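If you want the building blocks of each chain, they are given just below.
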Amino acid sequence: MNDLLILSAGGDRRCSLLSAKLSKVPGVTVFSCAQGLSEKNGLLPIRTLSECPAAPDLLLLPIPLTRDGKTIPAPLLPEAELDLEELFPLLKTDTRVYGGLSAPGRPFEAFLTEKGISFTDYLSDEVFTLKNADATAEGALLLAVDLLPVTLRGTRVLITGGGRIAKSLTRLLTAYGAKVFVAARSERERYELSILGTETIPLSILSESGVLPKTRLLLNTVPAPILDGKMLSALPPSALIIELAGNPGGFTPDAHLLSGRLILQAPSLPGKTAPESGADWLFRLVCTKDPVLSLMPC
């Protein structure tokens, strides 16, 4: 029986550590592209996708698998240009593709569906997504503690959005004694967040609520442009603004220019602050879900 051939392309340290872990599984060969790895055991680094000698059984892509709909993110090797189209000749009908889906990746998902190729979205796994949300919140607090000249205790924090990351942020910030407000669209989300000990308001009335002028830390989790220049201008000059959402983000294109405010871009925080944990979670997810890998001694 031939080794299971895996191509792992691009991504942050979570992906490179995942490649290294999978290469240690007996019966597995991993070709690692643009992940800054050296050759070890069953791990074979390549610089371009075309160097993969055969169609992979598994194709592992990052979270998100693309930010622009055309290329695969490769922050560990910025000079690498990994085009999604370069993958097309490498895929066979029984290749199983894994990656983090976001709006720019929908056409690629549609292409795979049209060709009858299996695709698994990491973020469709509830357990992984909850762990990822907790890691994102933890990383955001590390940034805030590092950049704010005040303690979190007593600090007025505004979170926009009411999903998993917003809930994780709320739990941590209230434990630190911060005064947390959450602006969310859904009444259900607002109720769930209020149970965690925060004040909530409908996102639609944020501009008129009087919350913005009192906010010292703004954390956005909504991947849609809901915050404009006028809203940012209402924040105090000392406010710290952190963007946690993926493309297109929660700020209108002209929000920065109209308000003159610096927006700290911090997507995919678990890849920076907890890559080893993230790799462990991805390893367990793939080894559990994949019909072939699940039968191997992971």
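In what follows, the structure referred to is the one given above.
Please read all numbers here as calculations on a predicted model, not as lab measurements. (Residues numbered from 1 in each chain as written. Predicted model: local features only at pLDDT ≥ 70, side-chain atom pairs only at ≥ 80, totals over all residues. Heavy atoms only, no water.)

Asker: Report on the overall build of the protein, specifying residues and quantitative values.
Answerer: The helix and strand inventory of the protein stands at 9 helices and 12 strands. Taken over the C-alpha trace, the protein has a radius of gyration of 21 Å; the compact-globule value for 298 residues is 19 Å, and the two agree within 12%. Burial analysis of the protein (298 residues in total) assigns 53% to the buried set. Taking contacts inside the protein between residues at least 6 apart in sequence as the whole, the part at least 24 apart equals 62%. Of the roughly 13900 Å² of accessible surface on the protein, 54% is carried by carbon and sulfur atoms. Mean positive and mean negative side-chain charge positions of the protein (29 and 31 charges, respectively) differ by 8 Å. (Helix = DSSP H or I, 4+ residues; strand = E, 2+ residues; numbered from the N terminus. Rg over C-alpha atoms; globule rule 2.2 N^0.38 Å. Buried < 20%, exposed > 50% of the residue type's maximum accessible area, 1.4 Å probe, protein only. Contact = heavy atoms within 4.5 Å. Areas by Shrake-Rupley, 256 points an atom, 1.4 Å probe, with all protein chains shown as cover. Lys, Arg positive; Asp, Glu negative; His and termini not counted. Charge placed at Lys NZ, Arg CZ, Asp CG, Glu CD.)

Asker: Explain the pairing of strand β6 (residues 118-121) residue by residue, including any values.
Answerer: Of the strand pairs in this sheet, strand β5 (residues 96-99) and β6 are connected by 4 bridges, and their pairing is parallel. Within β6, the residue paired with Y98 across the bridge is T120. Taken together, β5, helix α2 (residues 106-114) and β6 constitute a β-α-β crossover, and its handedness is right-handed. (Pairing = 2+ DSSP bridges. Right-handed = clockwise from strand over helix to strand, strands pointing away.)

Asker: Can you tell me about the layout of surface pockets, naming the residues and giving the values?
Answerer: Of the volumes computed, that of the largest pocket is approximately 840 Å³. Taken together, 36 residues form the lining of the largest pocket, with I165, T221, P223, A245 and G246 sitting closest to its centre. Among the secondary structure elements, those contributing two or more residues to the lining of the largest pocket are α3 (126-147) and α4 (164-175). The element best represented in the lining of the largest pocket is α3, accounting for 4 residues. A breakdown of the residues in the lining of the largest pocket according to their chemical character gives 18 nonpolar, 12 polar and 6 charged. Looking at the second largest pocket, its volume works out to about 190 Å³. D12, R67, P75, S268 and K272 are, among the 14 residues lining the second largest pocket, the residues nearest its centre. A breakdown of the residues in the lining of the second largest pocket according to their chemical character gives 7 nonpolar, 3 polar and 4 charged. (1 Å grid on protein atoms, 1.4 Å probe; cavity = no way out; pocket = protein on both sides within 12 Å on 5 of 7 lines; lining within 4 Å. Points joined across faces, edges and corners; volume = space filled by probe spheres on them. Nonpolar A, V, L, I, M, F, W, Y, C, P; charged D, E, K, R; others polar.)

Asker: Any chance you could break down the sheet that holds strand β2 (residues 28-33) for me, citing the residues and the numbers?
Answerer: Note on sheets: strands pair through backbone hydrogen bonds, and any given pair is parallel or antiparallel. Strand order in the open sheet made by the 6 strands is β3-β2-β1-β4-β5-β6, with parallel pairing throughout. The sheet is open, and its two borders are formed by β3 (43-46) and β6, each paired with just one other strand. On average, adjacent strands in this sheet sit at an angle of 20° to one another, irrespective of strand direction. Sheet analysis places strand β4 (residues 58-60) next to β5, joined by 3 bridges and oriented parallel. Residue pairing for β5: L58 is matched across the bridge by R96. (Axes fitted to C-alpha atoms, helices over the stretch in contact; angles between N-to-C directions.)

Asker: Tell me about the sheet that holds strand β9 (residues 199-202), and name the residues and values.
Answerer: Strand order across the open sheet formed by 6 strands is β9-β8-β7-β10-β11-β12, with parallel pairing between neighbours. The open sheet has two free edges, formed respectively by β9 and β12 (264-265), since each of these has just one partner strand. Where strand β8 (residues 179-184) and β9 come together, 4 bridges link them in parallel fashion. When the bridges of β9 are listed, A183 appears paired with I201. Helix α5 (residues 187-195) rests against β8 and β9 of the sheet, and its axis sits at about 170° to β9.

Asker: Any details on unusual backbone geometry? Residues and values, ideally.
Answerer: Residues I63 and P64 are joined by a peptide bond in cis, for which omega reads -10°. Residue A34 is not a glycine yet carries a positive backbone phi of 60°. Note on placement: A34 falls in the loop between β2 and β3. Accessibility expressed as a relative area gives 2% for A34, which makes it buried. Positive phi values are uncommon outside glycine, yet S268 reaches one of about 55°. Tracing the sequence through the fold places S268 in the loop between β12 and α8 (270-273). Residue classification places S268 among the buried residues on the basis of a relative accessible area of 18%.

Asker: Account for the packing of aromatic side chains, with residues named and values stated.
Answerer: Going through the model one piece at a time under the given rule, you end up with 4 aromatic pairs. Consider the rings of Y98 and Y122, whose centres lie 6.5 Å apart with planes at 25°: the pair is stacked. Of this pair, Y98 sits in strand β5 while Y122 sits in the loop between β6 and α3, and the two are 24 residues apart along the sequence. An aromatic cluster is built from F88, F108 and F111, whose rings are joined through pairwise contacts. Taking NZ or CZ as reference, K21 lies 4.8 Å from the ring centre of F283, over its face. (Phe/Tyr/Trp six-rings, centres within 6.5 Å; stacked < 30°, edge-to-face > 60°. Lys NZ or Arg CZ within 6 Å of the ring centre and 35° of its normal.)

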